[in-house]
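Descriptive structure summary
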Amino acid sequence: MKKQKKLGTAKLSEFFRQFSILVSSGLSVSKTLEIMETDETDKRFSGACRDLKQRMANGMTISDAMEETGCFPELAVQMIRSAEMSSHLGAVTMRLSVHYEKEYRAEGKLRGAMLYPKILLFMMVFLIMFVFLAILPTLEPLLADAELPIFTRILMNISHFLYEYRYFLPAAVLLFIVTWQFLVTRTGIRRGYDRMMCVLPGLGRQVKIICTARFCENMSSLYSSGLPIPSCLKYTMGTIGNRYLDGKILGIMEQVKNGKLLSEAIREAGGFDKKLAAVIVTGEEAGRLDEMLKRLAENYEHEADLALTKLMNLLEPAMILIIGALTGLLILGIMEPMWNMYGSIGG
């Protein structure tokens, strides 16, 4: 059987909620999957249930079957594997449902927050292209006999180039997008980009809070399912959306394996929000780390919402200022020779 694409966070939440309710009501896993398979509203969802049922019929455990299908994240697979050993499958799958529902809401907030900056970016590109491809070629004959300032000559040369190769612009844009996507998948480049996002003045702290919130949420889910701390750290890597901090988590995991407390390892590694280690040490000393991780996850979820709002409040004015500055420069480049020309006529 071929591996399938991973289910989205909304479908993962729906899958684990249905699974938890049916298993907790006393149905066997195979019967649960058989019932869930009848859902015809989403072919990928019903296909994943069918695939799981077939693999389990061939002798696989539910966690191994989930891993083989390719539809489920590593974090979910490991939590299910731990739940199989502890016989808490219903509780763990409900926890997974809540976890992915929170992720889905967070993704929705991020998409909504990024909509306005994307519109501003589109407007900025449209404005620049309109000036270079429509306004400057129209004005050029009027300025043919005028002595052009150096900035206007630069704008005219750019306009000539873009107008001459205007039919290739869509291909150039597509090439830029493909190149960007290729570069950000390179480990070294992506790590450097993510590190820059963490240290930028103003933005860096907000990015750290959002990533710390994801770290706490995933660690809480994994640890409460019965996995040891090193395993929790291992399966949290790759889930917070920041390669630079993934490297920090790897270092933390190695230190924990060597006998250090989680709080000490986090404090020495750095990268995350500073108060994270201070709060975790309280849970370690009280012997209630699972409860402390859960509280941290809830607290940072609220802080991440505030951080995202602050991030957008910084980004939107910055983009408006950039658009305003570019518009001002373009107007200056266009109007300066006309003012000079009118001045010479008046003289």
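In what follows, the accompanying structure is described. (Residues numbered from 1 in each chain as written. Predicted model: local features only at pLDDT ≥ 70, side-chain atom pairs only at ≥ 80, totals over all residues. Heavy atoms only, no water.)

Now for the state of the cysteines. Each disulfide is one covalent bond, formed between the sulfur atoms of two cysteines. Using the criterion set out here, one finds zero disulfides in the structure. Free cysteine: Cys 71, not disulfide-bonded; nearest cysteine sulfur from Cys 49 at 9.2 Å. Assessed through its relative accessible area of 1%, Cys 71 is described here as buried. (Disulfide = S-S within 2.5 Å. Buried < 20%, exposed > 50% of the residue type's maximum accessible area, 1.4 Å probe, protein only.)

Among the nonpolar cores identified, the biggest contains 71 residues, and Phe 15, Phe 16, Phe 72, Phe 215, Leu 233 and Leu 262 are the most heavily contacted of them. For this core, the element with the highest residue contribution is helix α15 (residues 289–346), accounting for 11 residues. If you look at the next biggest cluster of nonpolar residues, it comprises 12 residues, including Leu 136, Met 156, Ile 334 and Met 338. (Core = buried A, V, L, I, M, F, W, Y, C linked by side-chain atoms within 4.5 Å. Helix = DSSP H or I, 4+ residues; strand = E, 2+ residues; numbered from the N terminus.)

Attention shifts here to helix α4 (residues 62–69). Because each turn of an α-helix spans 3.6 residues, side chains separated by three or four positions in sequence point in the same direction. Buried within α4 are the following residues: Ile 62, Ser 63, Ala 65, Met 66 and Thr 69. Along the long axis of α4, the arc covered by the buried residues comes to 160°, so they all point the same way. Once α4 finishes, Gly 70 follows within two positions and takes phi at roughly 80°, a positive value. (Arc of directions from axis to C-beta.)

Turning to its location among the elements, Asp 273 is positioned in the loop between α13 (262–269) and α14 (275–286). A polar atom in the side chain of Asp 273 sits 2.6 Å from the side chain of Tyr 300. Contacts of Asp 273, omitting those with residues within four sequence positions, involve Arg 205, Ile 209, Thr 212 and Tyr 300. (Polar contact = N/O pair within 3.5 Å; in protein donor to acceptor, adjacent residues only side chain to side chain. Contact = heavy atoms within 4.5 Å.)

Time to look at the packing of aromatic side chains. Under the definition given, this model contains 12 aromatic pairs. On the numbers, 6.2 Å between centres and 15° between planes, the contact of Phe 16 with Tyr 100 is stacked. One end of the pair, Phe 16, is in helix α1 (residues 9–24); the other, Tyr 100, is in helix α6 (residues 89–139), and 84 residues separate them in sequence. Judged on exposure class, the residue Phe 16 and its partner Tyr 100 are both buried. Put simply, the rings of Phe 15, Phe 16, Phe 19, Phe 45, Phe 72 and Tyr 100 touch in pairs and so form one group of aromatic residues. A cation over a ring is seen here: Lys 11 above Phe 45, with NZ or CZ 5.8 Å from the ring centre. Sitting above the plane of the Tyr 300 ring, Lys 275 keeps its charged end 5.6 Å from the centroid. (Phe/Tyr/Trp six-rings, centres within 6.5 Å; stacked < 30°, edge-to-face > 60°. Lys NZ or Arg CZ within 6 Å of the ring centre and 35° of its normal.)

This model, assessed by the stated rule, comprises 18 salt bridges. Residue Arg 105 is joined to Glu 101 by a salt bridge in which the shortest nitrogen-to-oxygen separation is 3.6 Å. With Arg 105 and Glu 101 both in helix α6 and four residues apart, this pair spans about one turn of that helix. One salt-bridge network, in which partners are shared between bridges, spans Arg 17, Glu 101, Lys 102, Arg 105, Glu 217 and Glu 301. (Salt bridge = Lys/Arg side-chain N within 4 Å of Asp/Glu carboxyl O.)

Assignment of secondary structure puts Leu 222 in helix α10 (residues 203–224). Each C-alpha atom, one on Leu 222 and one on Arg 95, is 9.8 Å from the other, the two residues being 127 residues apart in sequence. When near neighbours in sequence (up to four residues on either side) are disregarded, Leu 222 contacts Leu 75, Met 79, Leu 227, Cys 232, Tyr 235 and Thr 236.

Looking now at the packing of α6 against α10. The contact between α6 and α10 brings their axes to 10 Å, and the two run at 170°. As far as their axial angle goes, α10 and α6 are roughly antiparallel. Residues Arg 95, His 99, Lys 102, Glu 103 and Leu 110 of α6 touch α10, and the partners they reach there are Arg 214, Glu 217, Asn 218, Ser 221 and Ser 224. (Axes fitted to C-alpha atoms, helices over the stretch in contact; angles between N-to-C directions. Parallel < 35°, antiparallel > 145°, perpendicular 65-115°, else oblique.)

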